[in-house]
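Geometric and topological summary
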Amino acid sequence: MTSLALAVLGLPFLAFLLLALAPPLRRHGRGAALVSIAAIGGSLAAALRLWLVPLEATVVRRWEWIPAEDGPLVSVGLYIDPVGLAMLVLVTLVAFLVQVYSWAYLEGETPPSLGRYYTYQSLFAFSMLGLVLAPNFVQMLIFWELVGLCSYLLIGFWYDRPAAARAAVKAFWTTRLGDVGFVTGIVLLWRATGTFDFTALFAAAAAHRLPAGLSLTMFLIYLGAVGKSAQFPLHIWLPDAMEGPTPVSALIHAATMVAAGVFMVTRAFPLFAATPPVLGLIAWVGAFTALLAATMACVETDIKRVLAYSTVSQLGYMMAAAGAAAPQAAFFHLVTHGLFKALLFLAAGAVIHAVGTNDIREMGRLFYALPQTGTVFLVGTLALSGIWPLSGFFSKEAVLAAVWNARLGVPFAMLALTALLTAAYMFRVVFLAFFGDRQPGGHPHDAPAVMAVPLWILAILTVAIGVRGALTGEGGQSAPRWLPAVSLALAAAGIGVALVTYQLRLVSPAALARALGPLDFMARRRYGLDAAAAAVYRGLVFGLSRLIGWVDRYLVDGLVNVLSAWTLRAGDRLRRIQTGRAQDYVYGIAVGFLLLLIASQIWR
Amino acid sequence: MGLRMYVLLAAAVFAIGLFGVTTRRNAVGILLGIELMLNAVNINFVAFARYNASVAGMVFALFTIAITVAEIAVGLAIVIAIFRVRKTVDADHLDLLKG
């Protein structure tokens, strides 16, 4: 058990070490890719093996790290429970498929940069797996930051593009802002309870022995998830992260970076459950994020950015479910969304690969040119829109049911509206890019098998989870009877809007935009949030820089300058004592000796 | 005449020698001053040797005289060497150590 889990965690790390420490292998490119893919493949096999064996109880294995007088202060180890195992499988599966896919997608890269890419990929997989297996907040924080670092490295993979470099820094800074809260929250929690360990904390929570007044602490910890999982108002980094290679976007959006926040909230849920105000906040912010991002997705023309906003929106869904005290619904949606969002991104990558542009206005009739890619994209879109019997339908319904049951009326309404918008903007992409009447330039063709196979695997899994859900009934949430009908109707309405507007062209998009004038205007400008964030960032950073610059220039440098000026002047004065005449020195010695003599007589 | 008078004499000779060393312009004069200071020391040695009825002080005085002769020989040689180069033995002009 433990050794298998260690294998899951250790293989990508070994691959990373090997690639990082053996430059000839890394610069070989394809060789590095093989090492990395083999490692993550082995990791996937071990994770599957672990997952298939039923788990009786949570297994926790710890090794002492920082010793203290009464028991270790911090330990490292493994925390294996069903949620963690499912997450392990999701992470290794998506990472494996993404790495295989990248083999073909990044064939144009030079061997050294391909090797660099796979080195980062291995580290990324290791970081995320370590986060999933963390048995305490400290280990989680360490891997949490590693995940952030890897995102930075991979988003900025094409670092010679200014936009990519900027996006990487933006992602790093924005998530770091949330992490400040996370670190502070962890330390406050430690001060209140005296432990970082999940087992101890959960036991205390179950026995209602948690100290009172944890709301601020849990809010700060939640801030970490706000940054990582792109919740309002820190969602601004995610769309910009599209500057990275498409497989990286798939990985970040499906299984790693953004999933970390939701996973942390699900993992630490017993603690959040002890602070109802924070839970309420999580639900409201989640629902608001979902709606806000959905409206922005409706006006984007970059296929990857549409998907990015849809990720933000779906993360809002997950957070809303967690806030409605249904972490299992949140986690279910995390898994299904991870699969079909990876599918959508990889399919979008195949489209971009074929057409050579991200702009959906320059695409058209691609379904006939790329039948395979079109089919899997359609499967992903249907799942994301929540159409029966695909996986998205069940997880989305679980989320909606949880929010309804928690009596969160307004968030429920926002999420329902989001469901409609989701179907609308996704089918807008489908109709514009894959159908319609515009002929794209060039001769687009389906992706090579190395890229197509991961797509099909993800598509089959998306369908399979859905069919399994349809056969076995819903996942435990007691949903109101009218909910499936309503959510299907909402999805159908969204599809209908897209169909009427973009396929049949009964209503022109421009007219629709005019009808929703102010909303359209605001959404196109991203509600000014990016500008506001940039202004705040500039204000803070430049203000602080100016202040520090002033202190450095006038106080620190000033002190040094004054000291050196005094030294110079004093030296110049003292220089004149040095007359060069031996007699003066003798005189000095005699007077000095005399003074010493007198002094010795006075202070005897 | 007790020990006190010898010591006072030695102090006076030493002070005169020091005054000469610090004020004379001529390098030869400075050497003379040094000679006076050394002899003040000799007076002390001899006086204390008599006072303590010990011969060590007298032996020391003999050593000092011998070393003084050598020192004067070297000192005068240096003065002559300086004179050859600088064409002067005026101490005020020998300020190569000036900072």
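What comes next concerns the included structure.

Reading the values: the criteria
Residues numbered from 1 in each chain as written. Chains lettered and ligands numbered in written order. Predicted model: local features only at pLDDT ≥ 70, side-chain atom pairs only at ≥ 80, totals over all residues. Heavy atoms only, no water. Helix = DSSP H or I, 4+ residues; strand = E, 2+ residues; numbered from the N terminus. Buried < 20%, exposed > 50% of the residue type's maximum accessible area, 1.4 Å probe, protein only. Contact = heavy atoms within 4.5 Å. Areas by Shrake-Rupley, 256 points an atom, 1.4 Å probe, with all protein chains shown as cover. Lys, Arg positive; Asp, Glu negative; His and termini not counted. Charge placed at Lys NZ, Arg CZ, Asp CG, Glu CD. Expected span 1.5 Å × (residues − 1). Core = buried A, V, L, I, M, F, W, Y, C linked by side-chain atoms within 4.5 Å. Phe/Tyr/Trp six-rings, centres within 6.5 Å; stacked < 30°, edge-to-face > 60°. Lys NZ or Arg CZ within 6 Å of the ring centre and 35° of its normal. Axes fitted to C-alpha atoms, helices over the stretch in contact; angles between N-to-C directions. Parallel < 35°, antiparallel > 145°, perpendicular 65-115°, else oblique. Left-handed = near helix turned anticlockwise from the far one by under 90°. Nonpolar A, V, L, I, M, F, W, Y, C, P; charged D, E, K, R; others polar. Buried area = accessible area lost by both parts, 1.4 Å probe. Salt bridge = Lys/Arg side-chain N within 4 Å of Asp/Glu carboxyl O. Polar contact = N/O pair within 3.5 Å; in protein donor to acceptor, adjacent residues only side chain to side chain.

**Quick look at the overall build of chain A**
From N to C terminus, chain A includes 26 helices and 2 strands. Over its C-alpha atoms, taken along the principal directions, chain A stretches across nearly 110 × 60 × 55 Å. Here chain A holds 604 residues, and the buried ones make up 53% of them. Across chain A, contacts joining residues at least 24 apart in sequence account for 80% of those joining residues at least 6 apart. Carbon and sulfur atoms provide 69% of the accessible area of chain A, an area that totals close to 25,600 Å². One way to put it: in chain A the 40 positive side-chain charges average out to a point 4 Å from where the 27 negative ones average out.

**Looking at the environment of A95(A)**
All names here are of chain A. Of note, A95 is situated in helix α4 (residues 82-105). For A95, a relative accessible area of 1% gives the class buried. In this structure, the C-alpha to C-alpha distance between A95 and P247, residues 152 residues apart in sequence, is 9.4 Å. Once you skip the residues sitting within four places of it in the chain, A95 turns out to touch I40, A125 and L251.

**A closer look at helix α20 (residues 409-434) of chain A**
Here α20(A) contains 26 residues, and its C-alpha end-to-end distance of 37 Å stays within 8% of the 38 Å for a straight helix at 1.5 Å per residue. When you tally the buried positions in α20(A), you get 21 out of 26 residues, the bulk of the element.

**Brief notes about the nonpolar core**
Among the nonpolar cores identified, the biggest contains 193 residues, and M87(A), F137(A), W237(A), L271(A), F272(A) and F377(A) are the most heavily contacted of them. What W237(A) contacts, discounting residues up to four positions off in sequence, is I155(A), K170(A), A171(A), T174(A), T175(A), G227(A), K228(A), A230(A), I252(A), M257(A) and V258(A).

**Observations concerning the packing of aromatic side chains**
Residue and element names in this part refer to chain A. Across all of its chains, the model carries 22 aromatic pairs over all chains by this definition. An angle of 75° between the planes, with centres 5.3 Å apart, marks the rings of F126 and F143 as edge-to-face. Taken together, the residues span a long stretch of sequence, with F126 in helix α5 (residues 111-133) and F143 in helix α6 (residues 137-155) at a distance of 17 residues. A relative accessible area of 11% means that F126 is categorised as buried. On the basis of relative accessibility, which here comes to 10%, the residue F143 falls in the buried class. Directly above the aromatic system of W103 lies the positively charged group of R30, at a separation of 4.5 Å from the ring centroid. In this structure, K396 is placed above the aromatic ring of Y317, and the distance from its NZ or CZ to the ring centre is 5.5 Å.

**Some remarks on the packing of helix α16 (residues 327-355) of chain A against helix α21 (residues 449-472) of chain A**
All names here are of chain A. Relative to each other, α16 and α21 sit at 150°, their axes nearing to 9 Å. In terms of orientation, α16 lies roughly antiparallel with respect to α21. Relative to α21, α16 is oriented so that their crossing is left-handed. Contacts between α16 and α21 involve F332, T336, L339, F340, A342, L343, L346, A347, A350 and H353 from the first element and M451, L455, L458, A459, L461, T462 and I465 from the second. For the contact of α16 with α21, a count of residues per class yields 14 nonpolar, 3 polar and no charged.

**Observations concerning the side chain of D92(B)**
Topologically, D92(B) is positioned in the segment after α3 (56-86). With near-sequence residues (within four places) excluded, D92(B) lies in contact with R581(A), Q583(A) and R25(B).

**Comments concerning the interface of chain B and chain A**
Facing the 15 residues of chain B at the interface are 10 residues of chain A. Interface area, chain B with chain A, both sides summed: about 910 Å², of which 58% is carbon and sulfur. Linking chain B with chain A are 0 salt bridges. At the junction of chain B and chain A, the tally comes to 2 residue pairs in polar contact (both at pLDDT 80 or more). Ranked by residues supplied to the side of chain B that touches chain A, first place goes to helix α1 (residues 3-23) of chain B with 4 residues.

**Digging into the side chain of R267(A)**
Residue and element names in this part refer to chain A. In this structure, R267 sits in helix α12 (residues 257-267). Overall, R267 belongs to the buried group, its relative accessible area being 6%. Setting aside residues no more than four positions away along its own chain, R267 makes contact with Y79, D81, G84, V132, M140, F198 and F202.

**Quick word on unusual backbone geometry**
For residues other than glycine, phi is negative in most cases, and the peptide bonds are mostly trans. Cis geometry marks the peptide bond from F232(A) to P233(A); its omega dihedral reads 0°. Within the fold, P233(A) resides in the loop between α9 (215-228) and α10 (237-240). Even without glycine at this site, A325(A) takes up a positive phi of about 60°. Tracing the chain through its elements places A325(A) in the loop between α15 (303-323) and α16. Backbone geometry at A53(B) places phi at a positive 55°, although glycine is not the residue there.

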